2 protein chains.
Amino acid sequence: MEMASEIKNEGVFFRNWGWFKALSGKLGAKIVETTRKIKKLGQDDPRRIIHSLKFGLALTLVSLIYYFEPLYKGFGNSAMWAILTVIVVFEFSVGATLGRGLNRGLATLVAGALGFGAHYLASLAGEKGEPILLGLSVFLLAGVVTFVRFFPQLKARYDYGLLIFMLTFCLVSISGYREDEILEMAHQRISTILIGSSTSVFICLFVFPVWAGDDLHNLVASNLEKLGSFLEGFGVEYFKIPGDGKLESNNTFMDDYKSVLNSKQSEECLANFARWEPCHGQFRFRHPWKQYLKIGSLTRQCAYRIESLNGYINSEIQIPAEFRSKIQEACTNMSLESGKALKELASAIKAMTPPSSVTPHITKSKDAANNLKSLLRSGFCKEIDLLEVIPTVTVASLLVDVVSCTEKIAESINELASLAHFQSVEPIVEAEKPKLLHQETIPPCCGVNEPHHVITIDQLSPKLP
Amino acid sequence: MEMASEIKNEGVFFRNWGWFKALSGKLGAKIVETTRKIKKLGQDDPRRIIHSLKFGLALTLVSLIYYFEPLYKGFGNSAMWAILTVIVVFEFSVGATLGRGLNRGLATLVAGALGFGAHYLASLAGEKGEPILLGLSVFLLAGVVTFVRFFPQLKARYDYGLLIFMLTFCLVSISGYREDEILEMAHQRISTILIGSSTSVFICLFVFPVWAGDDLHNLVASNLEKLGSFLEGFGVEYFKIPGDGKLESNNTFMDDYKSVLNSKQSEECLANFARWEPCHGQFRFRHPWKQYLKIGSLTRQCAYRIESLNGYINSEIQIPAEFRSKIQEACTNMSLESGKALKELASAIKAMTPPSSVTPHITKSKDAANNLKSLLRSGFCKEIDLLEVIPTVTVASLLVDVVSCTEKIAESINELASLAHFQSVEPIVEAEKPKLLHQETIPPCCGVNEPHHVITIDQLSPKLP
């Protein structure tokens, strides 16, 4: 009996042990996976870690109000508004933080004054009329402001301010119904909000600042670079002979362009934040941020063509050898030269110089397009089967589109260069191009043998006014 | 002297009058323009006006706490948390409001308990150690939570909760440093937050509710419809003979598809909100919202091809008459039939029926693609100049792409239909198709002469479990 129960117990134990082992195994795998994700998040953009520390610092600093007897006595319960302000105002970039801080400050002031006025007017209406009048004014104001928040332009820049406007108006006009220390309260609250906002803005601005303007500038440049990388690799990739494994492992970078397709919203966000930012680094006050949106939109136009092109890579249809040999050079050149042009444009944006070095590439890509046209006009293709060459003809036609897209992008970047007064470097000293994406996977440019003098962006910047 | 001064005065008066007239003219124009914008905003989506009224109502209701003596005595100063909660929780759609309300409620509870624990533990450390321990815990928690907010999945669903978590933890743990009525305060605050959240959720849910799920459902369907409209019109528009003005004024609807290109973010937002929503109308709990994102992504794939196609409309290159006459039918059919297929798919989604009626259109579009292929294989094009036909060949090739995109979209909608258990209508009684966009501009479908019995979606819904 005892033995049977022992065996049974052991069975239960082993079953539980197995279950426990399976569970801990799963848990372990989950923990490893999460750790990997956390590490990647930090490695992808180390500024995230710095931001988290900055946020902790700002919050701890503001909470000092509670520990300093004299400060706490002055503010009392209102001290919590400083904490609340830091939590809602402190954002990743300087522009976002400044925007929120200004929105919050201004909205609080204006709505506070309005609320006080409403409270005073309502108090004239007697004890019965007061709640009715106040209720009506809250209803009307909330309705109107909520509707106004639907305007896209206002929503983009002042949404937070409108929210705080409603909040403060309600709190001041209604809570004033009970207390007559409304002015005292307003004074305390405004001071604490100022403390919270200024702490946030100060830390955001002076401790490893993250500029939305820089991010937008770099985003637009790196989007162009991604398209350039695709185009530089496309010719080789499309015309490669299947089975020739030499190039097959190298084309992962060719999917990078996909992120460009959906970049509109982040560009618009960054541009909105950037408008709040003061001059910094090479960016002056009133830098033409809108022009970046224009460039971004043209870049996406080009990306849509590239998305169509991408469908033709690795297609199983064999290109007739004769047709391939005739058309390959023109297509590869169009693709390669517009790719180089886009990369040059990206470099010019990054270095903030006029994109003068791009003209030869654009000329070459247009020449290649013209070559293609005269080749086709020469009638060599009378003997070939149209069905077999359709994909290649489509690719060629899309590439011609891409060439004209590239030209438009170059024009808009020239516009940016003149709007933002990009300064060209002295002709003898050529600025070194910033390291391009995946440069190692791309064959070296032909004929670029001029000596390169190393000039970093930092060295260039003092020349800019 | 007097006369001169009079003349001078008159001159000043007239100048000022002119200035005043110019100013008031400008102001008048501005007012008219703004009024027009406001009217358009309301007309575009009348739910915006209703939402504004609902918001005003919720806020007025909650501010009643201040006017009812017994309620106000119970809550005191904490009553303002009810107002704050309504302002930050009340959103346009039920899903967004529920998500925010749940985030706020849960985060407040958990962080309140944690904050209380931190406060208690710190108080054991003595008067000197307490502020240091509390400051450290605030710094650590704020840093970790801020970093966690960078995870895209968490940011999409729990961003607001994480914010409130930090806020509540700080307020409870630090303010507790001074007061020992922490539990009393917590009780008041939680009750008022509950009042605010439940008022918001109640009004949002029962007064003209706006469902994010419905919006997502309709957005995906209308995006398909827009692409369908373009494709239905494209064949006619592309092959029209220049100068034949008959069709020129009708093609404004062909730009509608452009909004599809950048629809990713709004679809993802709506899907996130929709997941918070309870079952409503024809949508059951755990409706496969993720599948809509898949359909949306395929729709955008198709839209990118259409964007490339759009570049060929109104191109100045003349298509050779012989080539046009041969290729026109196949291309027009591909475009028309895939357009019809997309519109049928949109109707099927809207009516929540399996898209069985779409198969013939897809078959026809594939037949047209095959016709094109055999036409090209027949070698009729030996005598033509390849250069002249390149644009048309590209259009044909892109249309073949569109046909295969359409097929993929149909597959994914079939998947949706089985995941969401769409019920087919009895075969004899055919569901009337919902009114399609710009139907009047499109020639009537050939061969659709079956009798239509009018069945509205409302009549269909009771059949669904």
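Everything numeric here is computed off the predicted structure, so don't read it as measured data.

Undergrad: Can you help me understand the overall build of chain A in this one?
TA: Helix and strand counts for chain A stand at 16 helices and 0 strands. Within chain A, buried positions represent 50% of all 465 residues. Expressed as a percentage of contacts within chain A between residues at least 6 apart in sequence, the contacts between residues at least 24 apart total 82%. Summed over all atoms, the accessible surface of chain A reaches about 22900 Å², with 62% contributed by carbon and sulfur.

Undergrad: Quick question: what am I supposed to make of the interface of chain B and chain A here?
TA: In many reports, interface size means the accessible area that the parts give up when they come together. Each partner contributes residues to the interface: chain B has 78 residues there, and chain A has 78 residues. Note on chain B versus chain A: buried area summed over both sides is about 7400 Å², and carbon and sulfur give 71% of it. If you look at where chain B meets chain A, you find 0 salt bridges. The tally of links between chain B and chain A comes to 9 residue pairs in polar contact (both at pLDDT 80 or more). The dominant element in the side of chain B that touches chain A, judged by the number of residues it contributes, is helix 2 (residues 47-67) of chain B, at 13 residues. Tallied by class, the residues present in the side of chain B that touches chain A amount to 44 nonpolar, 18 polar and 16 charged.

Undergrad: What is the right way to read helix 7 (residues 152-175) of chain B from this model?
TA: Because each turn of an α-helix spans 3.6 residues, side chains separated by three or four positions end up pointing in the same direction. All names here are of chain B. Between its first and last C-alpha, helix 7 extends 32 Å over 24 residues, near the 34 Å set by a 1.5 Å rise per residue. The largest bend along helix 7 reaches roughly 80° and is located at Tyr 158. Burial analysis of helix 7 places 17 of its 24 residues in the buried class, which makes it a mostly covered element.

Undergrad: Teacher, can you tell me more about the relation of the copies chain B and chain A here?
TA: Put simply, the second copy of the chain is the first one after a rotation about an axis and a shift along it. Of the two same-sequence chains, chain B is brought onto chain A (RMSD 0.1 Å, axial shift 0.0 Å) by a rotation of 180°. Such values leave the two copies arranged in the relation of a two-fold axis. Relative to the rotation axis, the closest C-alpha in chain B is found at Thr394(B), a distance of 2.3 Å. A symmetric contact is evident, with 100% of the interface residues of chain B recurring at the interface of chain A.

Undergrad: Would you mind showing me how to read the pattern of salt bridges here?
TA: Opposite charge on two side chains permits them to pair, given that their charged atoms come into close proximity. Residues and elements named next belong to chain A. Counted according to the given criterion, the structure contains 30 salt bridges over all chains. Across the pair Glu 91 and Arg 100 runs a salt bridge, and its minimum N-O distance is 3.5 Å. What makes Arg 100 partly exposed here is its relative accessible area of 26%.

Undergrad: Even after reading the chapter, I still don't get the UniProt feature "transmembrane region" (unreviewed entry) in chain A, so can you show me in this structure?
TA: The UniProt entry lists residues 49-68, 80-99, 106-126, 132-151, 158-178 and 190-212 of chain A under the feature "transmembrane region" (unreviewed entry), expressed in the numbering used here. Strand forms 0% of residues 49-68 of chain A and helix 95%; the C-alpha atoms that close the span are 29 Å apart.

Undergrad: For this particular structure, what's the right way to read the environment of Arg104(B)?
TA: Residue and element names in this part refer to chain B. Note that Arg 104 resides in helix 5 (residues 94-123). Overall, Arg 104 belongs to the buried group, its relative accessible area being 2%. Taking C-alpha positions, Arg 104 is 8.3 Å from Ile 193, a pair spaced 89 residues apart along the chain. If we ignore the near neighbours within four places in the chain, the residues touching Arg 104 are Trp 81, Leu 84, Thr 85, Val 88, Val 89, Tyr 160, Ile 164 and Ile 193. Polar contacts involving the side chain of Arg 104 include one to the side chain of Thr 85, which spans 3.3 Å.

Undergrad: Honestly, the packing of aromatic side chains in this entry has me stumped. Any pointers?
TA: What characterises a pair of aromatic rings is the spacing of the ring centres plus the angle enclosed by the ring planes. Overall, the coordinates contain 25 aromatic pairs over all chains when judged by the stated rule. When the ring of Phe283(A) is compared with that of Trp289(A), the centres are 5.3 Å apart and the planes differ by 35°; the resulting orientation is tilted. With a relative accessible area of 6%, Phe283(A) lands in the buried category. Judged by its relative accessible area of 6%, Trp289(A) falls in the buried class. Here the aromatic rings of Tyr304(A) and Tyr304(B) are separated by 5.1 Å at their centres, their planes lie at 20°, and the arrangement is stacked. Highlighted residues: Tyr304(A) in helix 12 (residues 289-310) and Tyr304(B) in helix 12 (residues 289-310), drawn from two different chains.

Undergrad: Is there a simple way to explain helix 12 of chain A in this structure?
TA: Here helix 12 of chain A is 22 residues long and its end C-alpha atoms lie 31 Å apart, about the 32 Å a rise of 1.5 Å per residue gives. Across the 22 residues that make up helix 12 of chain A, a large majority, 17, are buried.

Undergrad: Would you mind showing me how to read the state of the cysteines here?
TA: When the sulfur atoms of two cysteines share a covalent bond, that bond is a disulfide. Counted according to the given criterion, the structure contains 0 disulfides over all chains. Here Cys204(A) is not disulfide-linked; the sulfur of Cys269(A) is the nearest cysteine sulfur, at 16 Å. Cysteine Cys269(A) is unpaired, with the sulfur of Cys269(B) as its nearest cysteine sulfur at 11 Å.

Undergrad: Please explain the side chain of His280(B) as it appears in this structure.
TA: Residues and elements named next belong to chain B. Tracing the chain through its elements places His 280 in the loop between helix 11 (264-274) and helix 12. Residue class for His 280 comes out buried when judged on its relative accessible area of 8%. Setting aside residues no more than four positions away along its own chain, His 280 makes contact with Trp 211 and Asp 214.

Undergrad: Got a minute to help me understand unusual backbone geometry in this structure?
TA: Trans is the common state for peptide bonds, and a negative phi is the common state for residues other than glycine. Residue and element names in this part refer to chain B. Backbone geometry places Phe 208, a non-glycine residue, at a positive phi of 40°. With respect to the element layout, Phe 208 can be found in the loop between helix 8 (182-206) and helix 9 (212-239). A relative accessible area of 58% places Phe 208 in the exposed class.

Undergrad: Even after reading the chapter, I still don't get the nonpolar core, so can you show me in this structure?
TA: Within soluble globular proteins, side chains that are nonpolar tend to cluster in buried spots. Of all hydrophobic cores here, the largest spans 136 residues; its most connected members are Phe230(A), Phe234(A), Leu309(A), Phe230(B), Phe234(B) and Leu309(B). For Phe234(A), the residues in contact, after removing those within four places along its chain, are Met254(A), Leu309(A), Ile313(A), Ser335(A), Val395(A) and Leu399(A). If you look at the next biggest cluster of nonpolar residues, it comprises 93 residues, including Leu84(A), Phe90(A), Ile164(B) and Trp211(B).

Undergrad: Just to check I follow, could you spell out the confidence of the model for chain A for this structure?
TA: All names here are of chain A. Model confidence for chain A is summarised by a mean pLDDT of 81, while 83% of its residues fall at 70 or above. Counting contacts from residues 427-465, a segment whose pLDDT is below 50, to residues more than four positions away or on other chains yields 53 contacts. Among the scores for the predicted complex, ipTM is 0.79 and pTM is 0.81.

Undergrad: Looking at this structure, I do not really get the side chain of Thr146(A). What am I missing?
TA: Along the polypeptide, Thr146(A) turns up in helix 6 (residues 126-148). Once residues lying within four places of it in the same chain are set aside, the contact partners of Thr146(A) are Met166(A), His51(B), Ser52(B) and Phe55(B).

Undergrad: Can you walk me through a nonpolar patch on the surface in this structure?
TA: All names here are of chain A. Together, Phe 13, Phe 14, Trp 17, Trp 19, Phe 20 and Leu 23 give the surface a local cluster of nonpolar side chains, amounting to about 710 Å² of exposed area. As for its placement among the helices and strands, Trp 19 is situated in helix 1 (residues 2-44). For Trp 19, a relative accessible area of 58% puts it in the exposed group.

Reading the values: the criteria
For every chain, the first residue of its written sequence is number 1, and the numbers climb from 1 along that sequence. Just so you know, chain letters begin at A and ligand numbers begin at 1, following the order they were written in. Restriction of local features to residues with pLDDT of at least 70 applies here, the model being predicted, together with a cutoff of 80 or more for giving and counting side-chain atom pairs; totals for whole chains, interfaces and linings are based on all residues. By convention in this description, side-chain values take in all heavy atoms of the structure and omit both hydrogens and water. For the purposes of this entry, the term helix denotes a DSSP run of H or I that reaches at least four residues, the term strand denotes a run of E that reaches at least two, and both are numbered from the N terminus. Throughout, exposure labels follow a simple rule: accessible area from a 1.4 Å probe, protein chains only, divided by the maximum for the residue type, with under 20% read as buried, over 50% as exposed, and the rest as partly exposed. Whether two residues are in contact is decided by their heavy atoms: any pair within 4.5 Å suffices. Working definition of accessibility: Shrake-Rupley area with a 1.4 Å probe, residue cover restricted to the visible protein chains. Note on terms: buried area is the combined drop in 1.4 Å-probe accessible area of two parts once they are placed together, counting the loss on both. Salt bridges are defined by distance alone: a side-chain nitrogen of Lys or Arg within 4 Å of a carboxyl oxygen of Asp or Glu. Definition of a polar contact: a pair of N or O atoms within 3.5 Å, with one able to donate and the other able to accept a hydrogen when the atoms are protein atoms, and with sequence-neighbouring residues admitted only if both atoms are side-chain atoms. The classification used treats Ala, Val, Leu, Ile, Met, Phe, Trp, Tyr, Cys and Pro as nonpolar, Asp, Glu, Lys and Arg as charged, and all other residues, Gly among them, as polar. Multiplying one less than the number of residues by 1.5 Å gives the expected span of a helix. Bend, at a single residue, is the angle you get between axes fitted to the 7 residues ending at that residue and the 7 residues starting at it. Overlaid copies result from least-squares superposition on C-alpha atoms, with residues included only where pLDDT is at least 70 in both. UniProt positions are given in the numbering used here, feature names are shortened, and annotations may be inferred rather than shown by experiment. Classification of ring pairs rests on two measures: the distance between centres of Phe, Tyr or Trp rings, Trp counted by its six-membered ring, which must be within 6.5 Å, and the angle between planes, read as stacked under 30 degrees, edge-to-face over 60 and tilted in between. Cysteine sulfur atoms are paired as a disulfide whenever they fall within 2.5 Å. Nonpolar core, defined: a set of buried Ala, Val, Leu, Ile, Met, Phe, Trp, Tyr and Cys residues in which side-chain atoms within 4.5 Å join the residues together. Each residue carries a pLDDT value, the predictor's own confidence for that position, ranging from 0 to 100. Here the term patch refers to residues with relative accessible area over 30% and no salt bridge, with like charges joined within 9 Å and nonpolar side chains (Val, Leu, Ile, Met, Phe, Trp, Tyr) within 5 Å.

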